[in-house]
Amino acid sequence: MEEDRTNFHYTKKSLDVLGMSCDEINAIFRVIAVVLKLGNFVFVPVTNIDGTEGCQISNFYEVQETAHLLNLEAQILINCLTRATSSNSTQEDVGCDMDARQASIARNTLCRTLYARLFTWLVNKINDSLKSMQREKNLALLDFYGFESLECNSFEQFAINYGAEKIHQHFVHNVLRIEQELYAREGLEWTRIDYFDNESICELIDKPSYGILSLINEPHLTTNDALLQRVQQCCAGHPNFMICGPNSMAFRIRHFANVVNYSVQYFLEKNSDVLPKYISSALYQSNLPLVQSLFPEGNPRRQASKKPTTLSSNIRTQLQTLLAIIKPRRSHYVFCIKPNECRQSRLFDIALVQHQVRYMSLMPLVHLCRTGHCFHMPHAKFFVRYKLLSNITWPHYHGGTIVEGIAIIIRSLPLPSAEFTIGTKNVFVRSPRTVYELEQFRKGRINDLAILIQKTFRMYRLRKFYLCKRNSQIVISSAWRTWRECRYGIPFTGRKHMWSLYRVAREEYRSMKYKRQVQWAVDVISRNYHLWKMRQYLLTIPLRLPPNTLSPLSMDWPTAPKFLSETSRLLRAIYHRWKCFIYRNSFDQTSRNRMREKVTASIIFKDRKASYVRSVSHPFIGDYVRLRHNQQWKKMCVDTNDQYVVFADIINKITRSSGKIAPILLVLSTSSLLLLDQRTLQIKYRVPAAEIYRMSLSPYLDDIAVFHVKASEFGRKKGDFVFETAHVIEIVTKMFLVVQNATGKPPEIHISTEFEANFGQQTVIFNFKYVGMSELAQGPPKVTRKANRMEIIV
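Parameters and conventions
- Residues numbered from 1 in each chain as written.
- Predicted model: local features only at pLDDT ≥ 70, side-chain atom pairs only at ≥ 80, totals over all residues.
- Heavy atoms only, no water.
- UniProt positions renumbered as here; feature names shortened; annotations may be inferred.
- Helix = DSSP H or I, 4+ residues; strand = E, 2+ residues; numbered from the N terminus.
- Rg over C-alpha atoms; globule rule 2.2 N^0.38 Å.
- Contact = heavy atoms within 4.5 Å.
- Areas by Shrake-Rupley, 256 points an atom, 1.4 Å probe, with all protein chains shown as cover.
- Lys, Arg positive; Asp, Glu negative; His and termini not counted.
- Charge placed at Lys NZ, Arg CZ, Asp CG, Glu CD.
- Phe/Tyr/Trp six-rings, centres within 6.5 Å; stacked < 30°, edge-to-face > 60°.
- Buried < 20%, exposed > 50% of the residue type's maximum accessible area, 1.4 Å probe, protein only.
- Patch = residues over 30% accessible without salt bridge, like charges linked within 9 Å, V, L, I, M, F, W, Y side chains within 5 Å.
- Salt bridge = Lys/Arg side-chain N within 4 Å of Asp/Glu carboxyl O.
- Arc of directions from axis to C-beta.
- Pairing = 2+ DSSP bridges.
- Axes fitted to C-alpha atoms, helices over the stretch in contact; angles between N-to-C directions.
- Parallel < 35°, antiparallel > 145°, perpendicular 65-115°, else oblique.
- Left-handed = near helix turned anticlockwise from the far one by under 90°.

Identification of the chain as Myosin motor domain-containing protein from Glossina morsitans morsitans is taken from an unreviewed UniProt entry. What the UniProt record of the chain gives under Sequence similarities (unreviewed entry) is the line "Belongs to the TRAFAC class myosin-kinesin ATPase superfamily. Myosin family."

Here it is as structure tokens:
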């Protein structure tokens, strides 16, 4: 009891430290107490006057205490737990009575929903209080329970094991597959390490339309027998799916860890365990702000949302979101080995440990760590980071290429050269010890350079002080010598000599005074003359301007005196901006949009794409086939919400397999990219604008562009698109603006002679070769497909 009291005070103090107010802390404890109190409700079956079954709550005092915690009327709480489709009124005869079993199910669903939403609210509140205003690197930990295989496995074990499969697939893909593909792509000598890939198991569970998760959500499946029959019908023949028996209500899946039997009992009930809308509406009447925020769908002013998603859909969506967050991050994996099944210390089960090591793919991982490389870095980044370790490359390297400079750095280090491997784009280091020593050498070199900078600065400061003292000493010595010669070096001959010296000094003084007066008069006259000239210039500018100068192309400007050249330049720039402002205000909205597109094209392609110069004088028309006036299109676009056409033209689509050209109608709306049959206007592909994240082109005169699609369901199945069109500058510019308006951030425009593209299940490297103007005049670019490379000869 004393320990519980201590833990309670510790928890309350932690909430205070996180910045929560007293009202919020009190509301949290109230909601937790409500969850505990709901479990004490006892539903007693009763028979109504009309013969239907109903129920009542026997311990009414528990209802009153729970309603008091919720700041809610007790009768509203009773109605929402004992009557379905209630209007949440205080009257007792509203709604359809539920029996004791249905009321218990509704009560349990409310407890689970209340606790889960409170947990989510608390996590979001803590994240908001810990969130930093500055963009910094973050460290996140994901503690995953792992694999479960019990005597009776139901929907909970199925969901946990599905999550374990996806996490294991992410590990296998990121560590074993991508690392080996990197070695092969970089041209390193490498013997492929075989490993078990559980991708087929994941497809068995979450494959669209025919996966087990999709089958559970089919609306016509209402009984466990129908669900089991449907699963066996769609998954039979899969190597990882097995049927338990003719009279068994279970099926068997061969997971990466073990074979598990799943009982389909309560699968459908647990999958559709959603809180009814009338219970949410009842709890929204609570005067506790926290409870209202936990049930926003109960707000009567809120529009009715779509049908609630099932638990299996939520699990799949949350796993996909988690993996999407983890994918671009640098992940470190920690595997926990269970030594025995008895949970005893000093007991080591060899067979169990070997089984875990085998199904976790730890042996291929150890083999990869021993024979592979633990660290790699791009050439330019490696050279910039470690060029200070060699006197030849520091501070400036005037030798050959970056690769040669990296080789010089490696040879200058007291480390074995076998620890380093230079690939086509990256530098690989074999052992962690070498990386540590390399960083230690760099740290020591930085200290030496800091000492050198300090020494040089101190020398500069002291030398400057010394030179100042030396010059002062020379001035003092010279003045003293002059005084000594005047004082003792000239012999004294009487008053006549003194008078002559006085006259010479007086004449010199008068001459110096006259020169100063002349200089003062010259300065006054010059200053007033400059002011007069400046005033005359500014007043006569409007009169000296040539006619028809309001055009932004006109660069005529009156000449100015030399001392007013900078003023003339500034005034000319201001006048030009004013002319541009007047010119822009004369445009209508359509002309402004076209000008915006032209400016965007200049920002993207100027000095980067050779064919951009030819497109400057041609306006962007957009709808080249007058699709906006087509009656069939007007009927179709309403269904897909693509009424606003930005671009439409018949272009050439380059096939992925052979590189041949097929004409197709490309339509770009404000929300998506559509490919249609040019005769029937039948939609073949529709890609939302938010799914396109990059567009790749070559720097040559060709008209080929590659649209990269995100790794969603459509991207993994179809891959990226390759187009050839004479309006490539226009279509890429318009696609750039459409994606920017749809997602809030611009897509990446990649212009290079070599880049990668995703063709469904295969990655293809595009390579552009320029052979000269003579070849270009003969016809369009030649496209050939060889294995995983596609060459375009321009």
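Undergrad: Before we move on, could you go through the overall build of the chain and cite the residues and values that matter?
TA: What the chain contains, in helices and strands, is 26 helices and 22 strands. Against the compact-globule benchmark of 28 Å for 794 residues, the chain has a radius of gyration of 41 Å, which places it well outside the compact range. Here the C-alpha coordinates of the chain stretch approximately 150 × 80 × 70 Å along the principal axes. By sequence separation, contacts in the chain at least 24 residues apart represent 57% of the contacts at least 6 residues apart. Counting only carbon and sulfur atoms, one obtains 56% of the accessible surface of the chain, whose full area is about 50,500 Å². For the chain, the centre of its 105 positive side-chain charges and the centre of its 69 negative side-chain charges are spaced 16 Å apart.

Undergrad: Explain the packing of aromatic side chains residue by residue, including any values.
TA: Under the counting rule described, the total for this entry stands at 20 aromatic pairs. Both rings, one in Phe171 and one in Phe335, keep their centres 5.0 Å apart while their planes meet at 70°; by these two values the pair is edge-to-face. Placement of the pair is Phe171 in helix α6 (residues 155-185) and Phe335 in the loop between α13 (311-326) and α14 (350-359), with a sequence separation of 164 residues. Residue Phe335 is classed as partly exposed on the basis of its relative accessible area of 29%.

Undergrad: Account for unusual backbone geometry, with residues named and values stated.
TA: In this structure, the amide linkage connecting Trp394 to the following residue, Pro395, adopts the cis form with an omega of 0°. In this structure, Pro395 sits in the loop between α16 (379-386) and α17 (402-412). One non-glycine residue with positive phi stands out, namely Arg346, at about 60°. Within the secondary structure, Arg346 is located in the loop between α13 and α14.

Undergrad: Before we move on, can you summarise a nonpolar patch on the surface with the specific residues and values?
TA: Taken together, the side chains of Leu531, Met534, Leu538 and Phe563 present a nonpolar region at the surface, about 350 Å² in accessible area. Mapped onto the elements of the fold, Leu538 is located in helix α19 (residues 495-544). Overall, Leu538 belongs to the partly exposed group, its relative accessible area being 43%.

Undergrad: Tell me about α16, and please be specific about residues and values.
TA: Side chains of residues three or four places apart in an α-helix project in the same direction, reflecting 3.6 residues per turn. Every buried residue belonging to α16 is among His379, Phe382, Phe383 and Tyr386, and all of these are buried. In a view along the axis of α16, the buried residues occupy a sector of 95°, so they form one face of it. Residues Lys381 and Val384 are exposed on α16 and point more than 90 degrees away from its buried face.

Undergrad: Describe the pairing of strand β16 (residues 704-709), and please don't skip the residues or the numbers.
TA: In terms of burial, β16 is a largely internal element, six of the six residues being buried. Residue alternation in β16 divides its side chains into two sets, Ile704, Val706 and His708 and Ala705, Phe707 and Val709, and both sets are buried. Where strand β15 (residues 692-697) and β16 come together, five bridges link them in antiparallel fashion. Bridging across to β16, Ser696 finds its partner in Val706. The hairpin formed by β15 and β16 contains six residues between the paired strands. Pairing between β16 and strand β17 (residues 721-724): four bridges, direction antiparallel. Among the inter-strand pairings, Phe707 is bridged to a residue of β17, identified as Phe721.

Undergrad: Go over the sheet that holds strand β7 (residues 259-263) with me, naming the residues and quoting the values.
TA: The three strands lie next to each other as β5-β6-β7, forming an open sheet whose pairing is antiparallel. Looking at the sheet topology across the chains shown, the edges are occupied by β5 (241-243) and β7. Averaged over all neighbouring strand pairs, the angle between strand axes comes to 30°, with direction disregarded. Summarising the sheet, strand β6 (residues 250-254) and β7 pair through five bridges and their orientation is antiparallel. Following the sheet pairing, Arg254 is matched in β7 by Val259.

Undergrad: Mind laying out the packing of α6 against helix α7 (residues 199-206), listing which residues take part and the relevant values?
TA: With their axes 10 Å apart at the nearest point, α6 and α7 run at an angle of 140° to one another. Classified by the angle their axes make, α6 and α7 are oblique. Two packed elements cross with a definite hand, and for α6 against α7 that hand is left-handed. Side by side, α6 and α7 meet where Phe158, Tyr162, Glu165, Lys166 and Gln169 of the first sit next to Glu199, Ile201, Cys202, Ile205 and Asp206 of the second.

Undergrad: Outline the sheet that holds strand β12 (residues 661-669), supporting the account with residue identities and numerical values.
TA: Spatial strand order, β14-β13-β12-β11-β17-β16-β15-β18: eight strands in an open sheet with mixed pairing. The sheet is open, and its two edges are formed by β14 (683-688) and β18 (748-751), each paired on a single side. Sheet twist, expressed as the mean angle between neighbouring strand axes with direction ignored, is 30°. Helix α25 (residues 728-743) contacts β11 (645-654), β12, β15, β16 and β18 of the sheet and is inclined by roughly 160° relative to β15.

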